[in-house]
Every structure is written in structure tokens, then in C-alpha cells.
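Residue-level structure breakdown
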Amino acid sequence: MAKDKVTIKTEEEIELLRKSSLLVGKTLAEVAKIIEPGVNTAKLDKLAEEYILDHGAIPGFKGYGGFPATLCISINEEVVHGIPGNRIIQDGDVVSIDCGTLMNGFYGDSAYTFAVGNVSKKNLHLLEITKQSLYKGIEQAVSGKRVGDIGFAVQNHVEQFGYGVVRDLVGHGLGRNLHEKPEIPNFGRRGSGPKLIERMVIAIEPMITRGTYEVAQDSDGWTIRTTDGKAAAHFEHDIVIRKGKAEILSTFDYIEEVLKNK
Ligand code: MG
Ligand code: MG
């Protein structure tokens, strides 16, 4: 299937995408159980990989473009694509974890930013507003609107707080490929861009910073960080375009149930 064409999914395909997306939420909930100061990021990655393999799927990111791990774990000023390893999570870290699964031929892709231990009020606010902006974007993801309506809603929400919208990375269509058309920027003009059509499945994923939106890639070829060193947050849902109201295929419910009882 061509990656450069927007694909409209069948209801059967949407159910498979839902299964894969829900498994991502459940995997992130397993990670939520053990994330705490003193844990190294490789341990989180190993847990996620085993959980995905135990549930009839394979990690969606491992080997994708050569990425070496199951999770992208990006801490504080790291925005996305951080590689798990020996780094130990510290009290006060904000930890963005992005996870992908491939199940029955379809990808799930969702991300959540965790506040570990005593996180500063400033950074907690960033997390809250970033998550809100995701839902503002989802509100616009209905048939007849355009991609720019989503980006505008995200941008408009976060910029009132002086936050930055990362430009260099965007959301995307999702299906048999992890990244399909159209691109879903987190900034834009109302009424601009490709039209949203019923049964399109897209990942909306605001990457929001406390300062500049300028980012740079590390010499590891993956990790993206803010150039001013201020924290970033990242939340991502997979959704299907419907009339009137988008349907969210992924979920944070399992994660937040764990966090509530921690
Ligand atoms: Mg993702
Ligand atoms: Mg994505």
C-alpha cells in the first residue's frame, strides 16, 4: 500500500487499529506501574517489549528506520525519539514515553508524558496544557474540517501560555504503515490543508515546549531536544475521523488508573 496516499479505512480495519492502539495504552500502563526515581530507562523498555510480545503483537518502533528499541523515552528537554539505556530517572523528571505496536498488520501509536516524583509547578502546568491541547485538536478532527483546523486548535491553546509548538515533527495518518499521509502539524491556519474524511485514521501528537520551539537532533541520530534546554511534553492519541465527533482509538484510561492508585 502506497505510503504517499491517504487511505480511508474499512470498519474492519478500524477495529484492528483499535486493538493495536489499545495494546499501546495497556503497555504504557505497565510502564506506569514501575516508573519512579532510580529506575533506568532500559528496564522500562524491556518491560514494554515483553508485554507487547506476550499479547500477540510486535513492537512497532523497534527496527523502524533503524530505531533500536521498543519505547522512545525522552526526558525533560528531550522532546521525542530518546533511546532507552542506562540513564536513571531522577526525582522531578518529566518523562515522555512513546510506544508503537504492530498487530494483525496494523499499527498503534500513542504517547504519554509522566511526571516522576516532585515535578516543578511550571513543568506540571506544561504537561496539563499539552494534554489539553491534544483534546482541543481532537475536537476539530471531524469530517468536513481540514488538517489546519486541528493544528490551529492545538497552537491557539498552548501559545496563550507562552509555550512553543514544535514545527519539525508532526502527527500523521496511521494504518498498515506507521506513518501515512496526511501529515498533521500542531500548528496551522483554520480551513487550510487536506480535508478530513470519514474513516481516515490519524495520530494527533502535540509536542509542546516551555520555551522556544526550535529543536535539534543529538549525535546519536535520534534524540530530539529543545535548543534552549527547557522542558517539553508529548501526548498522542490515534483517532478515526467521524461525522460530528472523532472516535479515539487509543486510551490513557489504563495509565491514569495506575497513576491514580500510585
Ligand atoms: Mg508516537
Ligand atoms: Mg506518532
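Residues numbered from 1 in each chain as written. Chains lettered and ligands numbered in written order. Predicted model: local features only at pLDDT ≥ 70, side-chain atom pairs only at ≥ 80, totals over all residues. Heavy atoms only, no water.

**Things to note about the coordination of the magnesium ion (ligand 2)**
Within the first shell, the magnesium ion (ligand 2) binds the protein through Asp109 (OD), His172 (NE2), Glu205 (OE) and Glu236 (OE), at distances of 2.1 to 2.3 Å. Between consecutive donors of the magnesium ion (ligand 2), the numbers of intervening residues give the motif D-x62-H-x32-E-x30-E. Separating the magnesium ion (ligand 2) from the magnesium ion (ligand 1) is a gap of 3.1 Å, bridged by Asp109, which donates to each. Of this pair, His172 sits in strand β7 (residues 171-173) while Glu236 is found in the loop between β13 (232-234) and β14 (237-240), placing the two residues 64 residues apart along the sequence. An identical accessibility class is assigned to His172 and Glu236; each is buried. (Donors = N, O, S within 2.8 Å, 3.2 Å for Na, K, Ca; no water. Helix = DSSP H or I, 4+ residues; strand = E, 2+ residues; numbered from the N terminus. Buried < 20%, exposed > 50% of the residue type's maximum accessible area, 1.4 Å probe, protein only.)

**What to know about helix α3 (residues 121-139)**
In this model α3 runs 27 Å from its N-terminal to its C-terminal C-alpha over 19 residues, within 8% of the 27 Å that 1.5 Å per residue would give. The complete set of buried residues in α3 reads Asn123, Leu126, Leu127, Ile129, Thr130, Lys131, Ser133, Leu134, Gly137 and Ile138. (Expected span 1.5 Å × (residues − 1).)

**A word on the sheet that holds strand β15 (residues 247-248)**
On the basis of which strands lie adjacent, the open sheet formed by five strands has the order β8-β7-β9-β14-β15 and antiparallel pairing. Here the strands that pair on one side only, and so sit at the sheet edges, are β8 (180-184) and β15. Sheet topology note: the β14/β15 ladder contains two bridges and is antiparallel. What sits directly across from Ile239, in β15, is Ile248. On the sheet, helix α4 (residues 147-159) packs against β8 and β9 (201-204) and is oriented at approximately 40° with respect to β8. (Pairing = 2+ DSSP bridges. Contact = heavy atoms within 4.5 Å. Axes fitted to C-alpha atoms, helices over the stretch in contact; angles between N-to-C directions.)

**Points about unusual backbone geometry**
Look at the link from Lys181 to Pro182: it is a cis peptide, with omega at -5°. The topology assignment puts Pro182 in strand β8. Despite not being glycine, Asn76 has its phi angle at roughly 55°, a positive value. Looking at where Asn76 falls in the secondary structure, it is placed in the loop between β2 (71-75) and β3 (78-80).

**A short note on the nonpolar core**
Among the nonpolar cores identified, the biggest contains 53 residues, and Leu44, Ile97 and Ile204 are the most heavily contacted of them. The element best represented in this core is helix α1 (residues 11-34), accounting for six residues. With near-sequence residues (within four places) excluded, Ile97 lies in contact with Leu28, Val31, Ile35, Leu44, Leu71, Cys72, Ile73, Ser110, Ala111, Tyr112 and Phe114. Counting 13 residues, the second largest nonpolar core, distinct from the first, contains Ala69, Cys72, Leu178 and Val201. (Core = buried A, V, L, I, M, F, W, Y, C linked by side-chain atoms within 4.5 Å.)

**Some thoughts on the confidence of the model for the chain**
Per-chain confidence: the chain averages 97 in pLDDT, with 98% of residues scoring 70 or above. Across the chain, β13 holds the top mean pLDDT of 99, while β8 sits lowest at 97. (pLDDT = per-residue confidence, 0-100.)

**Concerning the pairing of β9**
Burial along β9 is two-sided: Val201 and Ala203 and Ile202 and Ile204, pointing in opposite directions, are all buried. Bridge analysis of β7 against β9 gives two bridges, and the strand direction is antiparallel. Paired with His172 across the two strands is Ala203, which belongs to β9. With four bridges connecting them, β9 and β14 associate as antiparallel partners. The partner of Ile202 across the bridge, within β14, is Ile239.

**Some remarks on a nonpolar patch on the surface**
Taken together, the side chains of Val6, Ile8 and Ile197 define a hydrophobic patch exposed on the protein surface, amounting to about 210 Å² of accessible area. Of note, Ile197 is situated in the loop between β8 and β9. (Patch = residues over 30% accessible without salt bridge, like charges linked within 9 Å, V, L, I, M, F, W, Y side chains within 5 Å. Areas by Shrake-Rupley, 256 points an atom, 1.4 Å probe, with all protein chains shown as cover. Salt bridge = Lys/Arg side-chain N within 4 Å of Asp/Glu carboxyl O.)

**Quick word on the packing of α1 against helix α5 (residues 253-260)**
One can describe the packing of α1 onto α5 by two numbers: an axis separation of 7 Å at closest approach and a directional angle of 15°. By the criterion of interaxial angle, the relationship of α1 to α5 is roughly parallel. In the packing of α1 onto α5, the handedness of the crossing is right-handed. Here Gly25, Lys26, Leu28, Ala29, Ala32 and Lys33 of α1 come into contact with α5, specifically with Tyr254, Ile255, Val258 and Leu259. Split into classes, the residues belonging to the contact of α1 with α5 amount to seven nonpolar, one polar and two charged. (Parallel < 35°, antiparallel > 145°, perpendicular 65-115°, else oblique. Left-handed = near helix turned anticlockwise from the far one by under 90°. Nonpolar A, V, L, I, M, F, W, Y, C, P; charged D, E, K, R; others polar.)

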